[in-house]
Every structure is written in C-alpha cells, then in structure tokens.
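Residues per chain, in single letters:
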There are 2 protein chains.
Amino acid sequence: MLTITSKDNANIKNTVKLKNSSKFRKKSGAFIAEGVRLCMDAMYSGAKIEILFATENAVQKYEQDFEKLSNYADKTFIVTAPIFAIMSDTETPQGFLCVIKALDKIPEFDTIKRNSKFIALENLQDPSNLGTILRTAEAFALDGIVLSADCCDIYSPKVVRGSMGAVFRIPFLICNNIVDFLRENQSLVSYAAVVSDAENITEVSFNNPSIAVIGNEGNGLRKETIDYCNHRITIPMSGKAESLNASTAASIIMWEMVK
Amino acid sequence: MLTITSKDNANIKNTVKLKNSSKFRKKSGAFIAEGVRLCMDAMYSGAKIEILFATENAVQKYEQDFEKLSNYADKTFIVTAPIFAIMSDTETPQGFLCVIKALDKIPEFDTIKRNSKFIALENLQDPSNLGTILRTAEAFALDGIVLSADCCDIYSPKVVRGSMGAVFRIPFLICNNIVDFLRENQSLVSYAAVVSDAENITEVSFNNPSIAVIGNEGNGLRKETIDYCNHRITIPMSGKAESLNASTAASIIMWEMVK
C-alpha cells in the first residue's frame, strides 16, 4: 500500500479538483465521498470505488472497515493528516475519503406501476435542499428522482453528505428539460407544485403513477413547466407566512404521495 | 448620523461578539439580524432595534428602507464596507445590520384553546434545523414553540436568517426542562415523536390542545421525556431508510397537526 506525502501528487491534485469543481466532476465522471459511514454506504450500494484515501490514524481506528474498503477499492493510498485535510470538505475529518465513479442507478421508467411515485426537481440550487430531498425520498421509498440539468450538482460533497448516503441508493436521472422528460414519459401523471390557483394537496389522491414537480427556491417552476403538467397542487398555508423552504415543501409533498 | 471607521470602536466590538458568542448574547440580552429583509421584518414585528449599522452603498441603494429603519432604531451608525464585513455573517453582505433586544413574544399558555397547536424541541443542536422549523411553524400557523435550554441558541445568526424572519413573529418560550414544562401545562396533550413502538401519525387526530415533542438530531428524545408524554407518535418509513432529518420530521408532524 502506497503512502502519499506530497500535496503535488497527481492523485491528490485530482481529488481536490473533484471536491471543488462540478465541471471537473462531470468531465472525469467521478466524485468524492468522505467519512467512514458514507464510504461504507458507497461500497454496500455497489458503487465503483476508484480510490480509497485513509490517514494512518483512521486505518487503526476503523481497522475492520478499512480492510473491507481497501479490498473493495481499485486502489488505496495512505496519506498524512495535512494531505488529507487538503482533500477534505469537513472541519474534523474522520480520515476516510473515496473517489467514486459517477452512479448509474437510473429509475425504471419503462416498467412503471400503478403505485410508482417520482419527484422531479427543476433548477433547484441549494445543495443542502437537494441532500435533504434525497434523504427524505429514500425514507419514503420513492421510486426515483428526476433532476433538470440546471439543478445544483448531485455529486457535490454537500449533497452527498446531506443525503446521508441516499444518493448511492435512490435511482435518479438528470435530464435537459423537465417538460421534454414528461413528454417522453406520458404514463406518469404530473403534478406541478405551486403556491396558488391549485388543488389543495390534501384533496389529491395520487392513485396513479405520479410525478410531483418542484421548482427553484426563489422563483418556483417555469411557467412552461406548470402549463405542461396535468395538475397543479399546493400546500395550504396561513396568510402571513413566508412560503416553505423548498426541501420542506418537497418533503411534505412526498409524504402526501406515499402515506 | 455618526460614521464609524475604526474596528476598535466599542459598538463594532460588541456587535462582533453578539455575532460569535451565544454566551455574550445571553448576557447582553441582544442579538443581530442582517440584510434588508430581516431588518425590516424586525421593525414590522415591533422588535426593539438598539442599533442600525449601514454602509454608505446600502444607504443609497435601499434609501426608503434606510429612512424608515433609521427613524425606528434607537441609534444609527454608518460604517465602511471593511468594518461592516467584520460584523457580517454572510459572504456578500447587503450592508444593513441591526442589533436587536432579545424578544419577548411568549406563547399564551394561559388561554389555550381546543385547537391550539404547539411544538416543543428538546436538545435540538443544528441552527439550520431550528431556523427551518421556525419558518415552517409560522407557515402552518402554530401557536408557539417551546425550546429546552440545551437547544442551540435561537438568537444565533444562522437561526435568525434560516427562519426568514419567523423568529420575530412566532411566539416562543425557553424552559429548563420539557418535562417540567409539560407538568406545569397539563391542559396540553403531549405527543412524543419517536421512531418505533408508537401510533402511526396518520391515525392521530390532534383534536385537542396539542404539543408535539421532538428530540435531538442524533439521539432523539430523552427516555424520561418519552415516558412523561401522553402519546408516542411516529412517521412510518420504508425499512432500508436512514431516519428523516429532524427538521423534515418536525415539518411533517406540524403539517399533520394542523392540516
């Protein structure tokens, strides 16, 4: 097992770029996950782990997990704590970090069942919101998530961490345009989430293959998308209130879809 | 109107401490809110604004809001952009920051009505979660929030910002101990949120003065608190899932209470 002590090592430099640049993640077809739990989640989900980096402390502290992970990963490097800190996105790193091949768990839109439930996100910008939505979608056993290409990067370290590993397990698809996606998947009944002039979500039964479509944090859905959807739904709120946080709204909609 | 150009000015030093230290906020009985919208929210809610700080750029850009706010605030100081940056908690400050007296909008537990709905938080630690919960509680028109003293500080800049100003409007009470609070407010029917051995929340009617009790992100509620509550409730989830984020769980519970 090789030990890397220089921050100029190509593997280290690449990994730092994977942490910081969504463009580079896209180009490389890879991303990073950090922490014992997330790295193990990646392995158990069958993701391809190209590199495992671990500090000597972490190798000793998490001996069994390290053995499993290093057997599973294509390559393993031991790094010093200062080198690890350069790659890390957290304040108190546990000392495990994986470079993982981009995932390919695409939802099965060809075999949609009557009770299939999906969520689509259009131009969602906040990685914390996306992480929470992935986590909630898994908790409520949704069948998959569709993201427009202008959403924040699902492979950003914040999303991966915030999802608590759900990103490895829940099927997702990135499409250029939500309307085009809906047009190509007409067996799905689409519900645009809006703030007014819509059916109260408590009165919607979702007893068909359904996809709820959620928009940008500040601006909501594009008019074109709202117009294309089969239904408009809304979460009723008291008058004086600021609208809900996007991940809260998405969570309540998913809950109403599946409960 | 005075202009402050030195970071050693006592007002600046105090404000930086208010930003960074919950101990100092408690001792001073004051906190900060930043940004045009939040400062205006504070004013409209009737909060006592002890100091308004604004940069010259902001005074010009938000002329009308500045006039209203500076008339309302006890004192106004113009500061240079570098001085403002020291006090600011955001990356791209708008140039408005207020020092505000601690709030006193306590829920009215003496006049509880049949449809009164409250939420209690025990040892909640994440300021983002608390901010989101305040925002959601306002959107769903809850009557108030009870926090145990060991929750994260409701006056931290992250909570104030994440609440989108709801902190100024929704009544809240900080108590030493949730069980003591419940003991003193027996007209409230209490529902402990737990992950198993509980009533499915979809089968609970909440048709009485209700308080849902939510625990710490990692450890949930203390056993003593669960035992004291009148009911245990749970949000059913699929087997493989990580539990929900605390603010997501709280949001779904509030939604089920009021809808």
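This text follows the structure it describes.
Residues numbered from 1 in each chain as written. Chains lettered and ligands numbered in written order. Predicted model: local features only at pLDDT ≥ 70, side-chain atom pairs only at ≥ 80, totals over all residues. Heavy atoms only, no water.

## Regarding the side chain of A:Asn129
Here A:Asn129 shows up in helix α7 (residues 127–139). A polar contact of 3.0 Å, which involves the side chain of A:Asn129, links it to the side chain of A:Glu217. (Helix = DSSP H or I, 4+ residues; strand = E, 2+ residues; numbered from the N terminus. Polar contact = N/O pair within 3.5 Å; in protein donor to acceptor, adjacent residues only side chain to side chain.)

## Regarding the sheet that holds strand β10 (residues 199–200) of chain A
Residues and elements named next belong to chain A. Across the sheet, seven strands lie side by side as β8-β7-β6-β11-β9-β12-β10; this open sheet has parallel pairing. Because the sheet does not close on itself, it has two edges, and the strands there are β8 (172–175) and β10. Here helix α12 (residues 246–258) sits on the sheet and contacts β6 (117–121), β9 (189–193), β11 (210–214) and β12 (231–234); the angle it forms with β11, its principal contact strand, is near 170 degrees. (Pairing = 2+ DSSP bridges. Contact = heavy atoms within 4.5 Å. Axes fitted to C-alpha atoms, helices over the stretch in contact; angles between N-to-C directions.)

## Concerning the nonpolar core
Residues A:Leu121, A:Ile145, A:Phe168, B:Leu121, B:Ile145 and B:Phe168 are the most contacted members of the largest nonpolar core, which totals 130 residues. In this view, A:Phe168 contacts A:Phe31, A:Ala33, A:Leu38, A:Asp41, A:Ala42, A:Ser45, A:Ala47, A:Ile100, A:Leu103, A:Lys105 and A:Val160; residues no more than four positions away in its chain are not counted. (Core = buried A, V, L, I, M, F, W, Y, C linked by side-chain atoms within 4.5 Å. Buried < 20%, exposed > 50% of the residue type's maximum accessible area, 1.4 Å probe, protein only.)

## Looking at the relation of the copies chain A and chain B
Overlaying chain A on chain B yields an RMSD of 0.0 Å, the required transformation being a rotation through 180 degrees with an accompanying axial translation of 0.0 Å. The symmetry that links the two subunits is that of a two-fold axis. Both copies present the same face, since 100% of the interface residues in chain A are matched by interface residues at the equivalent positions in chain B. (Least-squares fit on C-alpha atoms with pLDDT ≥ 70 in both.)

## Section: helix α5 (residues 63–72) of chain B
Residues and elements named next belong to chain B. Of the positions making up α5, those classed as buried are Phe-66, Leu-69 and Ser-70. Down the axis of α5, the buried side of the element spans an arc of 95 degrees, and every buried residue falls inside it. In α5, the exposed positions that point more than 90 degrees away from the buried face belong to Gln-64 and Asn-71. Looking at the buried positions of α5, the neighbouring elements they touch are α3 (36–44), β3 (49–55), α4 (56–61), β4 (75–79) and β5 (96–101). (Arc of directions from axis to C-beta.)

## Things to note about the interface of chain A and chain B
With 27 residues of chain A at the contact, the number on the chain B side is 27 residues. Between chain A and chain B the total buried area reaches about 2,400 Å² when both faces are included, carbon and sulfur atoms providing 60% of it. At the level of secondary structure, the elements contributing two or more residues to the side of chain A that touches chain B comprise α7 and α12 of chain A. Tallied by class, residues from the side of chain A that touches chain B come to twelve nonpolar, eight polar and seven charged. (Buried area = accessible area lost by both parts, 1.4 Å probe. Nonpolar A, V, L, I, M, F, W, Y, C, P; charged D, E, K, R; others polar.)

## Here we look at the packing of aromatic side chains
Taken as a whole and assessed by the stated rule, the structure comprises 16 aromatic pairs over all chains. A network of ring pairs unites the aromatic residues A:Phe31, A:Tyr155, A:Phe168 and A:Phe172 as a single cluster. (Phe/Tyr/Trp six-rings, centres within 6.5 Å; stacked < 30°, edge-to-face > 60°.)

## Comments concerning the environment of B:Asn20
All names here are of chain B. Structurally, Asn-20 can be placed in helix α1 (residues 10–20). Its relative accessible area of 57% is what places Asn-20 among the exposed residues. Separated by 67 residues in the primary sequence, Asn-20 and Met-87 place their C-alpha atoms 9.3 Å from one another.

## A few points about empty space enclosed by the protein
The method is simple in principle: a probe with the dimensions of a water molecule rolls over the atoms, and the space it marks as empty is what remains. Counted under the stated rule, the structure contains two cavities of 30 Å³ or more. Approximately 60 Å³ is the volume found for the largest cavity. Lining of the largest cavity is provided by B:Ile32, B:Ala33, B:Glu34, B:Leu38, B:Asp89, B:Pro157, B:Val160 and B:Arg161. Of all the secondary-structure elements, those providing two or more residues to the lining of the largest cavity are β2 (30–34) and α8 (157–162) of chain B. Residues belonging to the lining of the largest cavity are distributed by class as follows: five nonpolar, no polar and three charged. Looking at the second largest cavity, its volume works out to about 50 Å³. Forming the boundary of the second largest cavity are A:Ile32, A:Ala33, A:Glu34, A:Leu38, A:Pro157, A:Val160 and A:Arg161. Secondary structure elements with two or more residues in the lining of the second largest cavity: β2 (30–34) and α8 (157–162) of chain A. Grouping the constituent residues of the lining of the second largest cavity by class yields five nonpolar, no polar and two charged. (1 Å grid on protein atoms, 1.4 Å probe; cavity = no way out; pocket = protein on both sides within 12 Å on 5 of 7 lines; lining within 4 Å. Points joined across faces, edges and corners; volume = space filled by probe spheres on them.)

## Some remarks on the environment of B:Asn71
Within the secondary structure layout, B:Asn71 lies in helix α5. The sequence separation of B:Asn71 and B:Ile49 amounts to 22 residues, and the corresponding C-alpha distance is 10 Å.

## So, the layout of surface pockets
Residues and elements named next belong to chain B. Its volume calculated, the second largest pocket comes out at about 450 Å³. If you trace the second largest pocket, you find 21 residues lining it, with Lys-26, Asp-153, Ile-154, Tyr-155 and Ile-174 closest to the centre. Listed by contribution, the elements that provide at least two residues to the lining of the second largest pocket are α2 (22–28), β7 (144–148) and β8 (172–175). When residues in the lining of the second largest pocket are grouped by element, the largest group, four residues, is from α2. Tallied by class, the residues present in the lining of the second largest pocket amount to twelve nonpolar, three polar and six charged.

## Examining the pairing of β11(A)
Residue and element names in this part refer to chain A. For β11, the buried fraction is high: five of the five residues fall into the buried class. Neither face of β11 is exposed, since Ser-210, Ala-212 and Ile-214 on one face and Ile-211 and Val-213 on the opposite face are all buried. In the sheet, β6 pairs with β11 via five bridges, with the strands oriented parallel. Residue pairing in the sheet places Lys-117 in a bridge with Ser-210 of β11. With four bridges joining them, β9 and β11 adopt parallel strand pairing.

## Quick look at the packing of α3(B) against α5(B)
All names here are of chain B. The interhelical angle for the contact between α3 and α5, taken along N-to-C directions, is 45 degrees, at an axis separation of 11 Å. Taken together, the axes of α3 and α5 are oblique relative to one another. You can see that α3 and α5 cross each other, and the crossing is left-handed. Between α3, through Val-36, Cys-39, Met-40, Met-43 and Tyr-44, and α5, the contact on the second element is made entirely by Asp-65, Lys-68, Leu-69 and Tyr-72. Residue classes in the contact of α3 with α5 are distributed as seven nonpolar, no polar and two charged. (Parallel < 35°, antiparallel > 145°, perpendicular 65-115°, else oblique. Left-handed = near helix turned anticlockwise from the far one by under 90°.)

## Some thoughts on the environment of B:Ile178
Residues and elements named next belong to chain B. The residue Ile-178 is located in helix α10 (residues 178–184) in this model. A sequence separation of 57 residues divides Ile-178 from Leu-121, and the C-alpha atoms of the two residues are 8.1 Å apart. Excluding its chain neighbours within four sequence positions, the residues that come into contact with Ile-178 are Ala-120, Leu-121, Glu-122, Val-146, Leu-147, Ser-148, Val-213 and Thr-225.

## Digging into helix α1 (residues 10–20) of chain A
All names here are of chain A. Among the residues making up α1, those that are buried are Ile-12, Thr-15, Val-16, Leu-18 and Lys-19. Projected onto a plane normal to the axis of α1, the buried residues spread over an arc of 155 degrees and lie on a single side. In α1, those exposed residues whose orientation departs by more than 90 degrees from the buried face are Ala-10 and Asn-20. The N-cap of α1, judged by a side-chain oxygen 2.7 Å from the amide nitrogen of Asn-11 a few residues on, is Asn-9.

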